[in-house]
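As a plain string of letters, each chain reads:
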Amino acid sequence: MPFWRRKKDEFVSLGLNTLAAPEPSTAPPPETPPPTAVAAEPNTAPEPSPPTQVQTNAGKIPALPEPLESRSPTPWQTSVLGLDLSIVQLQAREAALEQEFSARFRRAVSATRESLSQRIDTVFAGAKKIDAELLDELEEALIAADIGVPTTMHVLETVRRGISRKEIDDIEKLKHAIKSELLTILQGAEKQGVASEASVPENISPYVMMIVGVNGVGKTTTIGKLAQRIKAEGNDVLICAADTFRAAASDQLAIWAERTGVPLIQQKQGTDPAAVLFDSMKAAKARGSDVLIVDTAGRLHNKSNLMAELEKMKRVAGREVEGAPHETLLVVDAVTGQNGLEQARQFLKIAGVTGIVLTKLDGTAKGGIAVAIAKELGLPIRYAGIGEKVDD
């Protein structure tokens, strides 16, 4: 599955699977100048090496190159772009890459997954029947996993209804019910916000993504990763450095832009961020960019002046491109737990957040915050960061 699905998959035949018939030459053969006698000077040039000889019945004659008709047909030529592969081979390569990413993701979040699953498994270990004590312990485990009190109460209420209806009568069914309810919460959040870039019509360009969040959660790294992945699928990407508040912000973003080969629009520190965004929107339209990724100043959710500045930037973007920004992604450090949920609540009020990027899932994050955000705010988890490399 492509990472960026806004463009339709269109396969254009380049005729590489058929050998092109040689065109008849209409130009006359070049005239060979007659040999001229030149007096040889001794010891002025090395003697030419004799031509390769082939022994035949008629004597020794120079070897001729192998005729084209006798060579094995090679309709495909090696291509670093994959143009030498058939559609089936390209699909197989894509599937292999998806499996590789999936395996890397599982390895990266192993600590987070074990933290959540071990807490629940510890409750079930040794339990032989479902009783009030077991449900109390299960409640404590879910809250400790950063799922939050309201979401935990919702899950347990669903479980209690199943028990009263005799639908859940053993430990295995209880485990399955909890897993099913958590998945239902995560999948239900995709119905709100912006769950896919394909929801925006293709004739609207550029597609504007605004990245918001507090300092230190990984906004700059997330922008670099998104730019790399979206560009790798043939899209023209532009980055807007609208964080003019922090001194090193533009410098850090410039490093990522150089690393990914994506153009960067930036101005000096202290410039009005809305002005930088305006210039970036004009540049993106002039160069025909497909995607514009906007960095914003890291701000606390309780700083009213910075939040008002963010609202102004959204108005400027909306005047330049219909519906912009098309996505407002809040970057949340998964390690912060319930504090990240409160950040999401405040940014949702002011910035109109449409999706969440969970970062640092390769560390000691408990992981339950993803379920809490999906349940309480109805926001889809759009992306997850599992490292600092460009393809993480």
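Preceding this paragraph is the structure being described.
Read on for a plain summary of the structure.

Criteria and thresholds
Residues numbered from 1 in each chain as written. Predicted model: local features only at pLDDT ≥ 70, side-chain atom pairs only at ≥ 80, totals over all residues. Heavy atoms only, no water. Helix = DSSP H or I, 4+ residues; strand = E, 2+ residues; numbered from the N terminus. Contact = heavy atoms within 4.5 Å. Areas by Shrake-Rupley, 256 points an atom, 1.4 Å probe, with all protein chains shown as cover. Pairing = 2+ DSSP bridges. Axes fitted to C-alpha atoms, helices over the stretch in contact; angles between N-to-C directions. Core = buried A, V, L, I, M, F, W, Y, C linked by side-chain atoms within 4.5 Å. Buried < 20%, exposed > 50% of the residue type's maximum accessible area, 1.4 Å probe, protein only. Patch = residues over 30% accessible without salt bridge, like charges linked within 9 Å, V, L, I, M, F, W, Y side chains within 5 Å. Salt bridge = Lys/Arg side-chain N within 4 Å of Asp/Glu carboxyl O. Lys, Arg positive; Asp, Glu negative; His and termini not counted. Charge placed at Lys NZ, Arg CZ, Asp CG, Glu CD. Polar contact = N/O pair within 3.5 Å; in protein donor to acceptor, adjacent residues only side chain to side chain.

Scanning the protein chain from N- to C-terminus turns up 11 helices and nine strands. For the protein chain, long-range pairs separated by at least 24 residues make up 77% of all intrachain contacts whose partners lie at least 6 apart in sequence. Split by element, the accessible area of the protein chain, about 22900 Å² in all, is 54% carbon and sulfur.

Here we have seven strands laid out as an open sheet, ordered 5-4-6-3-7-8-9, and parallel in their pairing. This sheet does not close on itself; its edge strands, each paired only once, are strand 5 (264-265) and strand 9 (381-384). Packed on one face of the sheet, helix 7 (residues 249-260) meets strand 4 (237-241), strand 5 and strand 6 (291-295) and runs near 165° to strand 4.

This next bit is on the nonpolar core. Of all hydrophobic cores here, the largest spans 62 residues; its most connected members are Met209, Leu277, Ile293, Phe347 and Ile356. No other element matches the six residues that strand 3 (residues 207-212) contributes to this core. Counting residues in hydrophobic clusters, the runner-up holds 21 residues, among them Val123, Ile168, Leu174 and Ala374.

With that settled, the discussion passes to a negative patch on the surface. Taken together, Glu133, Asp136, Glu137 and Glu140 make up a surface patch of like negative charges. Inspection of the secondary structure assignment puts glutamate 140 in helix 3 (residues 132-144).

Another aspect to go through is a nonpolar patch on the surface. Nonpolar side chains collect at one region of the surface, where Ile143, Val149 and Met153 lie side by side and expose about 220 Å² of accessible area between them. Structurally, isoleucine 143 is set in helix 3.

One can find glutamate 320 in helix 9 (residues 304-320). Residue glutamate 320 is classed as buried on the basis of its relative accessible area of 18%. Within the structure, glutamate 320 has its side chain in polar contact with the side chain of lysine 285 (distance 3.1 Å).

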